[in-house]
Amino acid sequence: METGSNSTMKNKAGTLYLVATPIGNLEDITLRALRILSEVDMIAAEDTRQTVKLLNHFEIKKTLISYYEHNKVEKGNYLIKELLEGKNIALVSDAGTPGISDPGEDLVKLAIRNNIEVTMAPGPVAAVTGLVLSGLPAGRFVFEGFLPMNKRARKERIQALLRETRTIVMYEAPHKLIHTLRELYELSGERNIVLARELTKKFEQVVRCRLSDAIVMYEADKPRGEFVVMLEGINEEAVEDEVRKKWHDMSLGDHVGMYIKQGMQKKEAMKKVAEDRGISKREVYNALI
Ligand code: SAM
């Protein structure tokens, strides 16, 4: 089987192929994905019912092994054993790219630990599709996947994102969307937000609005379907202004003194002050002599 640039690796073990599948529109399957799916010895699938539909559509008959969150340890070990015995295995997720917010990540780690060759047939990712359609800055972004379920961990995660200047991309289930939007609004205040729903499907919709507008809209009309949420990062200049204001009333000497009182050596304190104020260490040094 041809494996692109990795084909030079001589290994008796088989190869693990991560195969991206459509996130809603079957036309988004790639020719390479179809070839790999029809050539491998077996396919590990997060949701075998979904994968059967895909394979039937493209008339591919293959042994399917269920591999999902709750059997990933046992099935992961089984798949590695098969790979070590020379089987070529494709891994597909429910939809999109395996390894992004699904247990594919664990199988990749396990395969790497066992020196098994891993390669990929890339394709759709809901996060990237939503980000690019959002119109928000896409040059620098941070992908958060699903926020943690635990209340405290969620709050901590959102708080850690409050000063994020990059566009924040998240996944959310429709029944939790309003709750998440309210939490984001309470903690971060008003922001631009983009809700990309049912991407690549018949009822694809991209809503670009303010956080408070999104809450009002979805309170009136219950969210349905799959969503990627993009939250605008904070303005970098605003952060710099905030930093400047924060240290404005303190002299450089007092600022350095504050860290020395906290137990830092003078050199370390000067370095920290330079970082806090976004200035060079030399500027701090020159001001103090
Ligand atoms: N591995 C997938 C990928 O590459 O995007 C993501 C899997 S994650 C378990 C499923 C989440 O992806 C959904 O809850 C939703 O937030 C997002 N998603 C998947 N398909 C989508 C679509 N067609 N439109 C919008 N969001 C989608």
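Figured I'd write up the structure that's included with this text.

About the cut-offs
Residues numbered from 1 in each chain as written. Predicted model: local features only at pLDDT ≥ 70, side-chain atom pairs only at ≥ 80, totals over all residues. Heavy atoms only, no water. 1 Å grid on protein atoms, 1.4 Å probe; cavity = no way out; pocket = protein on both sides within 12 Å on 5 of 7 lines; lining within 4 Å. Points joined across faces, edges and corners; volume = space filled by probe spheres on them. Helix = DSSP H or I, 4+ residues; strand = E, 2+ residues; numbered from the N terminus. Nonpolar A, V, L, I, M, F, W, Y, C, P; charged D, E, K, R; others polar. Domains from an automatic or database assignment. Near = heavy atom within 4 Å. Polar contact = N/O pair within 3.5 Å; in protein donor to acceptor, adjacent residues only side chain to side chain. Areas by Shrake-Rupley, 256 points an atom, 1.4 Å probe, with all protein chains shown as cover. Sits in = over half its atoms within 2 Å of the grid points.

**A look at the layout of surface pockets**
Of the pockets and cavities examined, the largest pocket occupies roughly 850 Å³. If you trace the largest pocket, you find 33 residues lining it, with Ile23, Asp94, Ala95, Gly96 and Glu226 closest to the centre. Residue assignment for the lining of the largest pocket shows that the elements contributing at least two residues are α2 (48-57), β7 (167-172) and β10 (227-231). Of all the elements, α2 adds the most residues to the lining of the largest pocket, at four residues. Looking at the lining of the largest pocket residue by residue, the class counts come to 18 nonpolar, eight polar and seven charged. Mapped onto the domain boundaries, the lining of the largest pocket takes at least three residues apiece from domain 1 (6-124) and domain 2 (127-233).

**Here's the deal with the site of the ligand**
Of all residues adjacent to the ligand, which total 20 residues, the nearest are Ile23, Thr97, Tyr171, Leu199 and Phe227. At 3.3 Å, a backbone N or O of Ala95 approaches a nitrogen atom of the ligand. With respect to the ligand, the backbone of Phe227 contributes an N or O atom lying 2.6 Å from an oxygen atom. Starting from 570 Å² of accessible surface for the ligand in isolation, the protein chains cover 92%. Among the cavities detected, the one that contains the ligand is the largest pocket. A per-class count over the shell around the ligand returns eleven nonpolar, four polar and five charged. The two domains that each donate at least three residues to the shell around the ligand are domain 1 (6-124) and domain 2 (127-233).

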